[in-house]
Amino acid sequence: MTTRSTELLRVAHQHPGVTRADAARRLGIGTGAATELVARLSQAALLAEAPATPSGARGRPTTVLVPHPSGPLVLAAEITHEAWRIDVVELGGHTLTTVASPHAGTPWPEVTAAVAQILHTYGGRVRGMGVSVPGTVAPALRLDASTAGWHDVDLTTLWPGALTRVPAAAVPSSGAPALSVADASTWPTPTVFVAGNDASFAAAAESARGAATDAAVALHIRIESGLGGAIVDQGHLLLGATGASGEFGHMPFGDPAILCPCGARGCWGTAVDGTALARFLGQPPPPDPVTYARRVIASPGPHERAAVGAVAAALGRGIAGLVNGVDADLVTLGSIAADLLAAAPAELHTSYRSGLMAIRRASPPPLVAAALGSDGPIAGAAEKAWSALFPQLP
Ligand SMILES: [Zn+2]
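Residues numbered from 1 in each chain as written. Predicted model: local features only at pLDDT ≥ 70, side-chain atom pairs only at ≥ 80, totals over all residues. Heavy atoms only, no water.

As annotated in an unreviewed UniProt entry, the chain is Putative NBD/HSP70 family sugar kinase from Paractinoplanes brasiliensis. What UniProt records for the chain under Sequence similarities (unreviewed entry) is the sentence "Belongs to the ROK (NagC/XylR) family." (UniProt positions renumbered as here; feature names shortened; annotations may be inferred.)

Across the sheet, which stays open at both edges, the five strands sit in the order β5-β4-β3-β6-β10 with mixed pairing between neighbours. Each of the sheet's edge strands pairs with one partner strand only, and the pair in question is β5 (95-102) and β10 (192-197). Across this sheet, the average inter-strand angle for adjacent strands is 15°, counted without regard to direction. Helix α4 (residues 108-122) rests against β3 (73-79), β4 (83-90), β5 and β6 (126-133) of the sheet, and its axis sits at about 20° to β4. Against the sheet, helix α12 (residues 376-389) touches β3, β4, β6 and β10, its axis set at about 145° to β3. (Pairing = 2+ DSSP bridges. Helix = DSSP H or I, 4+ residues; strand = E, 2+ residues; numbered from the N terminus. Axes fitted to C-alpha atoms, helices over the stretch in contact; angles between N-to-C directions. Contact = heavy atoms within 4.5 Å.)

With that settled, the discussion passes to the environment of Arg360. Take Arg360: it is sitting in helix α11 (residues 358-361). Separated by 40 residues in sequence, Arg360 and Ala320 place their C-alpha atoms 9.7 Å apart. Beyond its immediate sequence surroundings of up to four residues, Arg360 is in contact with Val323, Asn324, Asp327 and Pro365. In this structure the side chain of Arg360 is engaged in a polar contact, spanning 3.0 Å, whose partner is the side chain of Asp327. (Polar contact = N/O pair within 3.5 Å; in protein donor to acceptor, adjacent residues only side chain to side chain.)

Closest axis-to-axis distance for the helix α1 (residues 3-14)/helix α3 (residues 31-43) pair is 10 Å, and the angle between their directions is 85°. Comparing their axes, α3 and α1 come out roughly perpendicular. Together, Arg4, Ser5, Leu8 and Leu9 of α1 and Leu37, Val38, Arg40 and Leu41 of α3 make up the contact between the two elements. Here the residues of the contact of α1 with α3 sort into five nonpolar, one polar and two charged. (Parallel < 35°, antiparallel > 145°, perpendicular 65-115°, else oblique. Nonpolar A, V, L, I, M, F, W, Y, C, P; charged D, E, K, R; others polar.)

Attention now moves to helix α9 (residues 336-343). Here α9 has its buried residues at Ile336, Ala337, Ala338, Leu340 and Leu341. Lining the buried residues of α9 we find β11 (217-224), α7 (289-298), α8 (302-326), β14 (330-335), α10 (345-355) and β15 (367-369). (Buried < 20%, exposed > 50% of the residue type's maximum accessible area, 1.4 Å probe, protein only.)

In structure tokens form, the structure reads like this:
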């Protein structure tokens with residue numbers, strides 16, 4: 001497909017409900033060229049047009065660009081320590097269907113079965129999948145999540161027939177497929193399959209559709225069972241050489257007397273999560289630190305308030321260190337980090353400001369709750385799948 005067709009699809013995706021005229025302006029092309037492009041994409045069942053809602057302004061009526069009714073879809077999956085969820089997402093980010101379930105520690109067969117069921121329902125329309133996981137993902141799409149006991153999990157088994165990041169040119173139009181494909185007749189090709197860390201995906205989603213769309217360098221911090229995050233520089237997610245960037249929870253901003261499950265001492269994550277709250281309250285490490293943290297943060301008791309304040313201060317101190325180091329202009333906070341901002345804003349902001357270099361204190365980069373909330377990781381999974389898919393359409 002031509003670059004302009006790809007760009008037009010991207011514009012329709014990033015700005016749902018964009019008019020054909022506005023899309024033409026964004027691409028810097030004339031209305032005649034835009035009409036032609038839209039006609040071609042419509043013929044390829046990638047894009048459709050619908051009448052625009054009358055704005056009351058005078059002028060020629062225009063149309064808005066909408067997903068084609070039989071156009072491509074991606075699956076966005078989120079797998080956490082306790083549950084899994086799959087969204088079927090159309091161009092523009094709207095979710096058509098969601099399936100979800102709790103799991104008892106081994107979600108993989110259930111998710112694979114759910115993917116097969118969705119492929120049966122939507123057939124060849126499903127062209128890609130993005131998977132968010134609570135751990136690090138190696139380039140070969142193998143997951144390690146030590147806190148969940150998942151080691152070297154092959155994530156490509158979730159969609160056995162997907163061709164993994166194969167450039168369209170590498171997929172032959174006839175003869176043997178480039179890769180071994182299970183039951184190739186039932187799978188659409190080419191397809192894309194991407195997987196990544198939940199905090200990285202949440203960061204990507206905040207920059208694409210959330211609170212950080214206007215930031216030059218956005219820092220995202222997310223606390224679940226541990227602290228993770230990501231840096232998005234001019235729209236580009238910093239992945240690291242092995243895809244394991246963003247393990248900010250293992251920077252030594254914590255108490256050196258505390259041994260982290262990762263093997264290091266003084267990790268920041270051990271000072272800001274549910275185990276940290278339990279330590280302040282003189283209680284044993286909770287079996288479910290996320291639920292425990294939410295309960296303590298919601299509690300009005302004076303001891304709980306003090307523990308929450310102390311943990312919020314430890315969070316603010318570490319964020320200041322990161323902002324000093326990477327020169328971010330916005331910090332978005334997800335999950336329990338957002339809960340701490342809401343519950344103890346004074347403690348968090350005071351320690352954040354006192355940890356900032358004087359040159360940054362005149363206008364400190366704002367700390368804001370992630371706009372996508374708990375949907376950040378799955379929204380990021382969808383965005384990553386679309387990004388990988390666009391160059392391969394139609
Ligand atoms: Zn650690």
